[in-house]
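Below, each chain spelled out in residue letters.
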Amino acid sequence: MRPLADTSARAGARALPRRLRSAGALGALAIGLAVAPPHAAAATPPTGASLSRQATAAERHARDVLRAWRCVNAARGELGWRRLRMPERVWATTAARWAGRCDATERLVRRANRQPLLALRVVFSGRGDGRHAYATSAERQAIRVAWCESRWDPRTRSGQYVGLLQLGSSERAQYGVGPYRSRDSGTAARATNLEQARSGYRMFRAAGRSWSRWQCRPGPGGPTSYHLGW
């Protein structure tokens, strides 16, 4: 006579939602969570109905985590930051934690698009979160060059040169992000602070992390206060 566990396992497999059995990696993840939850005690085997409920909850949890993970990386992309890897152990990560990271990163994007100096900081730091007290070398240089070029006004236009770092039409076409790619000065002036800062950073990196492509240089005599207590 077969053990009871074998019969329950077959019943549970039949009870799993059809969408999970054909959902690829995410379905496999949810099925694994449902059949063998990480903290389950070695008790009586689950019934087919309980396996089905666990599979549905696991699928919902995995989708919530992955949705928040995509949200975080979309916001990090706007900041010019490296994207985060997909969490390897989704079951060990709470969806609320990733949702909180998503909210925090999106708030930083909104603040940077309102505050030109913050946009320069988070982009030219290459890593910063806008809250550290002292700027890095690249941030200090970007702030000084932007002051010389535009007085930190993202709508400054001088002929073909537009924005915080006053990129010309050919430079915008090559390094620009979003509307800032346009050769039309009016269209480029509508780019956000972050789009302008990311475009300038791309040109800065292409020049070997130097300011040789700009008329202004980050020498002494510019603004020197970089403690930005936002």
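This report concerns the structure included in the present document. None of these values were measured; they are calculated from a predicted model.

Scoring rules and cut-offs
Residues numbered from 1 in each chain as written. Predicted model: local features only at pLDDT ≥ 70, side-chain atom pairs only at ≥ 80, totals over all residues. Heavy atoms only, no water. Helix = DSSP H or I, 4+ residues; strand = E, 2+ residues; numbered from the N terminus. Buried < 20%, exposed > 50% of the residue type's maximum accessible area, 1.4 Å probe, protein only. Areas by Shrake-Rupley, 256 points an atom, 1.4 Å probe, with all protein chains shown as cover. Core = buried A, V, L, I, M, F, W, Y, C linked by side-chain atoms within 4.5 Å.

## Digging into the overall build of the protein
When you go through the protein residue by residue, the secondary structure sums to 10 helices and 2 strands. When the helices and strands of the protein are listed from N to C terminus, the series reads α-α-α-α-α-α-α-β-β-α-α-α. Taking all 230 residues of the protein together, 43% fall into the buried category. Of the roughly 12700 Å² of accessible surface on the protein, 51% is carried by carbon and sulfur atoms.

## Quick word on the environment of Ser158
Relative to the elements of secondary structure, Ser158 occurs in strand β1 (residues 157-158). The exposure class of Ser158 is partly exposed, given its relative accessible area of 44%. Note: C-alpha distance between Ser158 and Ser185 (27 residues apart in sequence) is 9.0 Å.

## Details of the nonpolar core
Counting 35 residues, the largest nonpolar core has Leu120, Val122, Phe124, Leu165, Leu194, Trp211 and Trp214 as its most contacted members. Ranked by the residues each element gives to this core, the list is headed by helix α6 (residues 116-124), at 7 residues. Listed in part, the 8 residues of the second largest apolar core include Val65, Ala68, Cys71 and Val72.

## Comments concerning unusual backbone geometry
One non-glycine residue, Arg151, lies in the positive phi region at around 55°. Relative to the assigned elements, Arg151 resides in the loop between α7 (137-150) and β1.

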